Amino acid sequence: MSQDYYGGGGGGFTHSPFSGSADGSPSSGGRARDMSHSLTPVFISQLHKAEQAHADAEWKLGNLSIGQVTLVGHVAEIRKQSSHVTYKFEDQLGTIEARTWSEGNDDDDDKWGVEVHTYARVMGILKNFGGKRYINATLLRPCPDPNEYYFHFFEVITVHQTHKVGPPNNNNAQPAAGAGTVTKSTSNNAVATTSMSAYSASTSGGADDHSGWAHLPALQQRILRAIIAEPEHDVAGAYVGNIATKVGGEADAISNALDALMDGGHIYTTSDDSHFAVSS
């Protein structure tokens with residue numbers, strides 16, 4: 001099940017359709033790169049609830065920063081204009097437009113294969129112009145399988161709950177009682193408060209936490225540790241470029257190790273084929 005994560009010419013990574021900063025220009029800092037590589041599944045209503053500190057600030061849902069977003073909805077209308085094509089998306093919770101910029105071709109409106117009164121997936125960045133929010137789309141594609149809509153529905157809920165209370169099967173992670181705090185019962189029925197985030201609660205512990213990896217090759221163990229070291233690994237997954245940066249070494253070796261970990265059930269892809277999470 002080999003996957004082409006890498007491009008030719010010096011072993012560099014292929015450019016994701018989600019790479020770059022929020023305004024479409026190349027990222028210049030670590031935070032901007034992290035944001036450009038995040039992909040958050042959302043409902044349309046969440047996009048209307050998202051907030052910005054100022055016009056150039058990142059969007060936030062509560063205290064969750066969102067970079068790229070993806071949603072599945074019903075395409076109610078397609079309008080072609082001189083500079084762009086507008087797709088009107090609807091789900092059960094709202095309506096929003098997605099825009100792709102025209103390349104001056106007659107087939108701009110159907111190059112994605114998306115048609116009116118069908119379901120489609122859109123990926124892009126939330127924008128606000130003239131008081132109206134829209135998605136600056138980097139990718140659209142039809143969803144001929146109706147199950148994708150329901151998959152997206154449950155994926156949004158899973159991501160929201162994971163961010164709120166921690167990853168599944170984690171009894172230590174609870175909704176934060178304060179900034180970065182978790183409460184838990186002690187043996188004398190008192191309540192102790194620790195400075196442990198949902199992330200640290202899921203990854204901290206004794207020396208035997210990762211004893212199940214001992215039989216794996218050293219490179220695969222380094223990849224697993226690199227994944228869980230990513231701040232958003234339990235929400236959006238760890239981006240393959242960040243994994244490779246932490247692990248180091250040959251691109252082909254990393255790609256083969258990722259395939260082996262996938263085949264062994266140790267990791268799985270999340271939002272796309274370039275983001276990975278560790279199986280619980």
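Please refer to the structure higher up on the page.
A brief look at the structure comes next. (Residues numbered from 1 in each chain as written. Predicted model: local features only at pLDDT ≥ 70, side-chain atom pairs only at ≥ 80, totals over all residues. Heavy atoms only, no water.)

## So, a nonpolar patch on the surface
Phase 1 of the analysis: A grouping of Y150, F154 and I157 is seen on the molecular surface, where their side chains present a nonpolar patch of about 320 Å² in accessible area.
Phase 2 of the analysis: Relative to the helices and strands, Y150 is located in helix 3 (residues 147-165).
Phase 3 of the analysis: The exposure class assigned to Y150 is partly exposed, which follows from its relative accessible area of 49%. (Patch = residues over 30% accessible without salt bridge, like charges linked within 9 Å, V, L, I, M, F, W, Y side chains within 5 Å. Areas by Shrake-Rupley, 256 points an atom, 1.4 Å probe, with all protein chains shown as cover. Salt bridge = Lys/Arg side-chain N within 4 Å of Asp/Glu carboxyl O. Helix = DSSP H or I, 4+ residues; strand = E, 2+ residues; numbered from the N terminus. Buried < 20%, exposed > 50% of the residue type's maximum accessible area, 1.4 Å probe, protein only.)

## Remarks on the pattern of salt bridges
For side chains of opposite charge, pairing can occur when their charged atoms come near one another.
Phase 1 of the analysis: Evaluated as defined, the whole model comprises seven salt bridges.
Phase 2 of the analysis: Note that E77 and R79 form a salt bridge whose closest N and O atoms lie 3.5 Å from each other.
Phase 3 of the analysis: Classification of R79 by relative accessible area gives partly exposed; the value is 27%.
Phase 4 of the analysis: We note a salt bridge from K246 to E230, for which the minimum N-O separation is 2.3 Å. One end of the pair, K246, is in helix 6 (residues 240-247); the other, E230, is in the loop between helix 5 (218-228) and strand 11 (238-239), and 16 residues separate them in sequence.

## Focus: the pairing of strand 13 (residues 275-278)
Phase 1 of the analysis: As defined by bridge partners, strand 11 adjoins strand 13 across two bridges and the pair is classed as antiparallel. Its bridge partner being in strand 13, A238 is matched across the sheet by F276.
Phase 2 of the analysis: As paired elements, strand 12 (residues 267-269) and strand 13 share three bridges and run antiparallel to each other. Opposite I267, over in strand 13, you have V278 as the bridge partner.
Phase 3 of the analysis: Here strand 12 folds back onto strand 13, and the loop between the two strands holds five residues. (Pairing = 2+ DSSP bridges.)

## What to know about the sheet that holds strand 11
Phase 1 of the analysis: Pairing is antiparallel in the open sheet, where three strands are placed in the order 11-13-12. For this open sheet the edge positions go to strand 11 and strand 12, each flanked by a neighbour on one side alone.

## Notes on helix 6
What sets the pattern is the α-helix's 3.6 residues per turn: residues three or four places apart point alike.
Phase 1 of the analysis: Within helix 6, six of the eight residues are buried, which leaves it mostly tucked inside the rest of the structure.
Phase 2 of the analysis: Looking only at helix 6, the buried set comprises V240, G241, N242, I243, A244 and V247.
Phase 3 of the analysis: Once helix 6 ends, the next one or two residues include G248, with phi positive near 75°.

## Thoughts on the environment of D145
Phase 1 of the analysis: Considering the arrangement of structural elements, one finds D145 in the loop between strand 8 (132-142) and helix 3.
Phase 2 of the analysis: You can call D145 partly exposed: its relative accessible area is 41%.
Phase 3 of the analysis: Taking the C-alpha atoms as reference points, D145 and Y119, 26 residues apart in sequence, are found 8.9 Å from one another.

## Regarding the environment of Y87
Phase 1 of the analysis: Along the chain, Y87 turns up in strand 5 (residues 84-91).
Phase 2 of the analysis: Along the chain, Y87 and A98 lie 11 residues apart, while their C-alpha atoms are 5.1 Å from each other.

## Looking at the packing of helix 5 against helix 7 (residues 251-263)
When two helices pack together, their arrangement is given by the angle between their axes and by how far apart the axes lie.
Phase 1 of the analysis: Contact geometry of helix 5 with helix 7 gives a least axis separation of 10 Å together with a crossing angle of 80°. One way to sum up the angle between helix 5 and helix 7 is to call them roughly perpendicular. For the pair formed by helix 5 and helix 7, the contact residues are L219, Q220, I223 and L224 on the first element and A253, I254, A257, L258, A260 and L261 on the second.
Phase 2 of the analysis: A class-by-class count of the residues in the contact of helix 5 with helix 7 yields nine nonpolar, one polar and no charged. (Axes fitted to C-alpha atoms, helices over the stretch in contact; angles between N-to-C directions. Parallel < 35°, antiparallel > 145°, perpendicular 65-115°, else oblique. Contact = heavy atoms within 4.5 Å. Nonpolar A, V, L, I, M, F, W, Y, C, P; charged D, E, K, R; others polar.)

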